[in-house]
Every structure is written in C-alpha cells, then in structure tokens.
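This is what each chain is made of:
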Amino acid sequence: MPAVHHKLLLEEALQDSPQTRSLLSVFEEDSGTLTDYTNQLLQSMQRVFGAQSEMGLATEQLSRQLLDYEKKNFALGKGDEEVIVTLQNFAKTVSELNSLHSELANQMADGMVFPLIQFREKDLTEIGTLKEIFGIATDEHEAAMVKYSRLPKKKENEKLKSDLVKEVAYTRRKQHQGSLQYYCALNALQYRKRVAMLEPMLGYTKAQISFFKKGIALVSKKMDNFLSSVSNMTHNIQAQLDVEAEAMRGSQREFLSVEDTVYMPDMDTEPVNRTLIQKAGYLNIRNKTGLVSTAWDRLYFFTQGGNLMCQPRGAVAGGMVLDLDNSSVMAVECEDRRYCLQITSPSGKKSMILQAESKREYEEWICTVNNISRQIYLTDNPEAVAIRLNQTAIQAVTPITSFEKRPEGSPNTDRAKPGGVHAASGGSQRTAAAPEPEDLIAPGTPIQFDIMLPASEFQDQNRSGGRRTNPFGETDDDCSTESDDSLLQQVFAVRFQGSMAVRYGNNQEVIFEAMRQVLAARAIHNIFRTTESHLMVTSSSLRLIDPQTQVTRISFQLGEVVQFAAHQENGRLMGFVVEGRDWSDGEEEGEPSFSAFVFESNTEGEKICYTINLAKDITEAKKDPEALAQLMKNMPLTNDGKFLLLEAETGDTTNGAEEDLESEA
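Because the structure is predicted, anything quoted here is derived from the model rather than measured.

Focus on the overall build of the chain
What the chain contains, in helices and strands, is 10 helices and 14 strands. For the chain, restricting intrachain contacts to residue pairs at least 6 apart in sequence, the fraction spanning at least 24 positions comes to 68%. Put simply, the chain shows about 39,500 Å² of open surface, and 53% of that area lies on carbon and sulfur atoms.

A look at unusual backbone geometry
A negative phi angle is the norm for most residues apart from glycine, just as the trans form is the norm for most peptide bonds. With phi around 60°, N326 is a residue other than glycine that occupies positive phi space. Inspection of the secondary structure assignment puts N326 in the loop between β4 (319-323) and β5 (328-334). A relative accessible area of 52% means that N326 is categorised as exposed. Even without glycine at this site, Q550 takes up a positive phi of about 60°.

What about the packing of aromatic side chains?
Counted according to the given criterion, the structure contains 12 aromatic pairs. For the ring pair Y300 and F302, a centre distance of 6.2 Å and an interplane angle of 40° mean the geometry is tilted. When its relative accessible area of 16% is taken as the criterion, F302 is described as buried. An angle of 45° between the planes, with centres 6.5 Å apart, marks the rings of F496 and F597 as tilted. Here F496 is found in strand β8 (residues 489-502), whereas its partner F597 is found in strand β14 (residues 591-601), with 101 residues between them in sequence. F597 shares its class with F496; the two are buried. Among the aromatic residues, those joined into a cluster by ring pairs are F496, F556, F576, F597 and F599. Taking NZ or CZ as reference, R298 lies 4.4 Å from the ring centre of Y282, over its face.

Looking at helix α9 (residues 605-621)
For α9, built from 17 residues, the straight-helix expectation of 24 Å at 1.5 Å per residue is met to within 8% by its first-to-last C-alpha distance of 24 Å. G605, I608, C609, T611, I612, L614, A615, K616, I618 and A621 are the residues of α9 that are buried.

Quick notes on the environment of A442
Its place among the elements puts A442 in the loop between α6 (437-440) and α7 (455-462). A442 gets classed as partly exposed once you look at its relative accessible area, which sits at 26%. Remark: the alpha-carbon pair of A442 and V502, spanning 60 residues in sequence, is separated by 6.9 Å.

A few points about the pattern of salt bridges
Between side chains of opposite charge, a pair can form as their charged atoms come close. Applying the stated criterion to the full structure yields 21 salt bridges. Taking the shortest distance from any N to any O, the salt bridge between E361 and K279 comes out at 3.1 Å. Pair noted here: E361 is in helix α4 (residues 359-373) and K279 is in the loop between α3 (158-255) and β1 (280-288), with a separation of 82 residues, a long-range link. On the accessibility criterion, E361 (19% relative accessible area) is buried. Taking relative accessible area as the criterion, K279 reaches 11% and is therefore assigned buried.

Overview of a nonpolar patch on the surface
On the surface, L256, V258, V262 and Y263 cluster together to form a nonpolar patch covering roughly 430 Å² of accessible area. Counting through the fold element by element, V258 comes out in the loop between α3 and β1. Judged by its relative accessible area of 36%, V258 falls in the partly exposed class.

A look at the sheet that holds β1
One open sheet accounts for 7 strands, arranged β4-β3-β2-β1-β7-β6-β5; its pairing is antiparallel. Two strands lie at the open edges of the sheet, namely β4 and β5, each paired on one side alone. For this sheet, the mean inter-axis angle between neighbouring strands, taken without regard to orientation, is 40°. Bridge count between β1 and strand β7 (residues 351-355): 2 bridges; the pairing is antiparallel. Its bridge partner being in β7, I285 is matched across the sheet by L354.

Description of the environment of Q508
Inspection of the secondary structure assignment puts Q508 in the loop between β8 and α8 (509-524). Along the chain, Q508 and V577 lie 69 residues apart, while their C-alpha atoms are 8.9 Å from each other.

Points about the nonpolar core
By size, the foremost hydrophobic cluster in this structure holds 28 residues, and its most contacted members are L24, Y182 and L186. Only α1 (18-67), α2 (81-149) and α3 provide two or more residues apiece to this core. No other element matches the 11 residues that α2 contributes to this core. What Y182 contacts, discounting residues up to four positions off in sequence, is L24, E28, I127, L130, K131 and F134. Of all hydrophobic cores here, the second largest spans 26 residues; its members include F496, F576, C609 and I618.

Some words on the side chain of T344
Mapping T344 onto the fold places it in strand β6 (residues 337-344). You can call T344 buried: its relative accessible area is 4%. A distance of 3.5 Å separates the side chain of T344 from the side chain of Q342, its partner in a polar contact.

Description of the confidence of the model for the chain
With 76% of its residues at a pLDDT of 70 or more, the chain has an overall mean of 76. Within the model, the stretch residues 396-432 combines pLDDT values under 50 with 76 contacts to residues more than four positions away or in other chains. Contacts of residues 453-485 to residues separated by more than four positions or lying in other chains number 50 contacts, the stretch itself having pLDDT below 50.

About the criteria used
Residues numbered from 1 in each chain as written. Predicted model: local features only at pLDDT ≥ 70, side-chain atom pairs only at ≥ 80, totals over all residues. Heavy atoms only, no water. Helix = DSSP H or I, 4+ residues; strand = E, 2+ residues; numbered from the N terminus. Contact = heavy atoms within 4.5 Å. Areas by Shrake-Rupley, 256 points an atom, 1.4 Å probe, with all protein chains shown as cover. Buried < 20%, exposed > 50% of the residue type's maximum accessible area, 1.4 Å probe, protein only. Phe/Tyr/Trp six-rings, centres within 6.5 Å; stacked < 30°, edge-to-face > 60°. Lys NZ or Arg CZ within 6 Å of the ring centre and 35° of its normal. Expected span 1.5 Å × (residues − 1). Salt bridge = Lys/Arg side-chain N within 4 Å of Asp/Glu carboxyl O. Patch = residues over 30% accessible without salt bridge, like charges linked within 9 Å, V, L, I, M, F, W, Y side chains within 5 Å. Pairing = 2+ DSSP bridges. Axes fitted to C-alpha atoms, helices over the stretch in contact; angles between N-to-C directions. Core = buried A, V, L, I, M, F, W, Y, C linked by side-chain atoms within 4.5 Å. Polar contact = N/O pair within 3.5 Å; in protein donor to acceptor, adjacent residues only side chain to side chain. pLDDT = per-residue confidence, 0-100.

Quick look at the structure:
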C-alpha cells in the first residue's frame, strides 16, 4: 500500500504561518468530506444488516408456519400424512437456512457495522473536539496578542507588561499544545480512514463466503435447475436480437440506395406547397456581433401554433422566438446570400433575417409564415382553409368571363365594419347588395406593380386623372399642387403595391377588390419587393415623392380623388380611386375613367384616409371664409399657420443608402 505523502509538519505548529493554515484547511476539508461519506456508508450498511436480520426473522416465522400445519384441525385434511411429512422436511430445511441467515446477520453486525460505528464515534468525533479546542486556543492567543500590542511606548508599566507577557506565553503554549494534538489526529486520520473503509467490507465478504459455503450443499441441486432455465432464456433473447439486427441492416441498405440528389441542396424535384400551416427545418439566422459585424448561426426552427420556435443543437426543448400572429414576411437581399427572408412582428419593433437552404424551402417558409399570420391555424379545418385561400389567390389573377359563375372560395367583399373606412365626403356609400368582382373590375385587367415612368406618361398609360392640359385653354392655377399657401402638408411613408383600371369610382368595394387582386397577384408571382416613397397630402393634391431624390413620381389633384378607404383586417393597407377622362372617343367632355391605387404604410391606413378627408374639408371650407375660420379654430395649427395632425413619420425610414423594402401585406 502506498504511503501517505501529505501530512502536517509538527515543527511548524508553533509558527502558525499562513502556509500551514492553508494546508490545515485542506486537511479539514478532507475530514469533513470523510465524515459525510462515513455517515452515508454507515446508513447503507445498516440497511443491509437490517434486511439480513429481517430475512432471519422471516425464515424463522415460515418454519413455524410449516410445522403448524400438522396442528391445524382441517375438516377435510385428516390422514394427509404425505403432505405433513413433506412440509416438515421443508420446515427443517427452512430452519437450517434460518440458522445460516441469523449467523450471517451476527457476523455482519460484528464485522461490518460495528467497526464503522467505532471509527465514526472515536476518530471522527475526536477530530471535531480537537478542532474546537484548537479554535478556542487560537482566539485566546489572538486576544492576548492584541492586549500585548497595545502596551504604551513612553510610560511603561512593568507589572502590566509582565502580566501580559505571561498571558501571551500561556495562550501561545496552549495553542501550540492544541495544534500539536490536532495535527497528530489529522495525520493519523489519513491512515485510519483507509482501515475504516476496508475493514467493514472485509468483514462483510467473509460473512457472505461463510454463508455460501455452509449453504451450497443445501441448495446446489435446486440451483442447477434454475441455471438451466436462465440459459434457455438467454439463448431465446439472442435469437430475437439476431432477427432484429438483420432487419435493421436491410433498412439501412434500402435507405442508402437512393439517388445522390437527396443529399444535394437546392435539388428539390417536388413542387412548392403553398398551403402549409406547419413547417420545420434548419435555417441560418443572422445575429449582430458588433456595430457593423454580423454572424450567421444554423439552428433548427419549427412552428407551433402561432409561434416560431427555435431549438439549438443539444437542447432538450425549443423556445419561442417570435409570435407570428399578424406578423409580416418578405424576401430580402442580405450580404450576398441567397434565399433570405425577413420576419417582422406586427409592431415592427422586432425582426429577424433567416436564410433557407433551397429555393423550395425558402418559398415554403414564406408561404407558411403568411398562412400562420392570418391565424388560419385557429379554424376548425386549417388545411382546407389554407387550400381555399391559395385557390382564391390563383383565381384572383386568372382572367374570367362574365358568363362564369363566381367560385365559392372567393372572399366576400362586403366585410367592412362600421367606422372602419374613411371615404370622400362626396362619395356614395356601398349599396345593400355587394357587387360581383367582374362588375367592379374588368376580368383580365393588367396590374402595374411599380411606378417607373414619369407621372404624365404613367397617367396616360393608365388613363387616370393626373394633372392634364385643358383643351379649351382654361388655366389650372387654382389647383396648383405647389401652392405655397397650402394649409395642410402631411407626409406618410408608404410602399406602392400596385394599380389597375376599375369600372366604378363611387363604391368602396372597388378598392377592396383591387387590394385583393393586387396582393393575390403578388403572392402568386412571388413579387415581394416594393419601393418606399413619401405620400404628401396637402389641401390641394396628393403627391408620391422619391425619398432620396425628392422627385415627384406621380401627383393627383385632390378633386380627382373620388374614393378612398383603409383595409379592415390589415390596418396598414389603404387605397384610393382617381377619376380621369378618356379622350379617345372624340367626345367633348371625354368619357370618365377610374384607376385604383393600393399602398401599404408604416402607420394605420385610417390615419391617411382621415388626412385626405380633412384636406377635402379644407378645400370645401376655402369657398366660405367663415367656414374656413371656424375649421382653423377647431384644429391645432403649427407655427406657420398649417394644420397640425401627426408627428412626422419619415424620420426613421428615410435613409439615402437604404435598399428597397418588401411588402408586409
């Protein structure tokens, strides 16, 4: 057995240096750990001893019960001598076993439990007592040294000094004596603990060997039958394992026989499923690591109800990353990476950029998040609802004839809620019966998704009523959009979704139908990119301005805006109808033509509608000075006399280097 290399040096006990104290703390920690382990080990050994003692009592009771069979007066058991003799033989065997169990219990008590109890009560208790004595002696020595250190330097009191010197010497001797005893006990404990750990197990093993030797002759024949049955069972289990292993090897060969395209990214042959309401898979997520630096991490994402969950590798469960209800998703260009998408919370305060592995995964994630954001998963049959919405989107951009019947899946356009839409004061309200889509917009009407041409050319192509030249030579100074005395100027950050020609301008349903067809066309053709502009509402006109160049892309006189409304379900969507004149027929007045324009804003669409409505009120009030004065009295004004409605909304969105955004609709 190797010798103990670590011990406390007795010659350093008097000096009591910090190094000695540090080594002492290690010995004390070892002693505390040994005490805890000894208590736990003793509990386990006492449990074994108790079980063995209970075994002896149980076998003794069983033996008595077998012998009592002869004494019982069974009404139908008289003359059953064979059973009585057999039970008596069993009772004798059990009694012999009982004596063996009782002897084993006594040997366990003497050779296993008692030595460990003696070690705990004698050695470990002694260590605790010496530690207390050493601590008291140390405190007394420290107190005596404090008194001695306070002796005055100028006026020395010989008697006081002599008393303190004696006190210091006494306490130091006492501490030295206590430390020597304590150090010796700790050093000896390093040897005693080895004996204490080995001696009980030695006694336990000897007792068990003695028990088995005495009982082998009694149970050997019965054990042969038992071992034979266990051997048969082992062979049966091994045969079952061989069959299962062969089946698993066959499955491996089948799974590995697929084509290599299964392992290649972006080689999907299956079409995109746009009706998913659940999705799971690995995505790369962009994380900021500094002011301008970013890092991408590959994590496992999955949807659960209306939540987007994320589960890193090795994690037991996933955690919620974002609530997808009413959220928006768009395709983005990010760091020269493919298949990137951005998910934004309804408030716009939280967003994340993810990268899919393939184009199919990229499109399915966008469609899935779009479906979940509409809260389809809360319906009774979400799969059917998702399929119906996808079919409706396809039908919305599929030309239909007037003879075709409207499909059942088409959404009902009569869904406006009271107070949810602002309209021009001169516009008529919806009729009692909602018109059919083909009555509002001609089937096959083209949709323009961006304003790329100059305003005049764009208006000519759409036959809408922008600013025009009067053929009769009348001037339009009264309706100039650049008037410096405009009483209202409010700017909104918007994203143009699309425009299309419509048949009517006196019904709000035409705006809702145009919204539906424009957004459905974007979804079907994967057109997610939009360009941010500033919509300036004044008391005379509406202007769409490029935020970077401040060039007016298109403008409309306020009188030409005949209808405007905000979407009831998606509050960021709004649209308006502009009336123009078609001079192609050669008529004097020109046939009226209408175009619907759909926008998505960073704020509520109702605010824009409210501002347009106020601009029309101002235009009407200009005709009556008293009415204008009353209107200016009721509304807050800025320092330069203009109407104050809202705070500027373009400060956070205007950025000269900002890339094109994508629609959240």
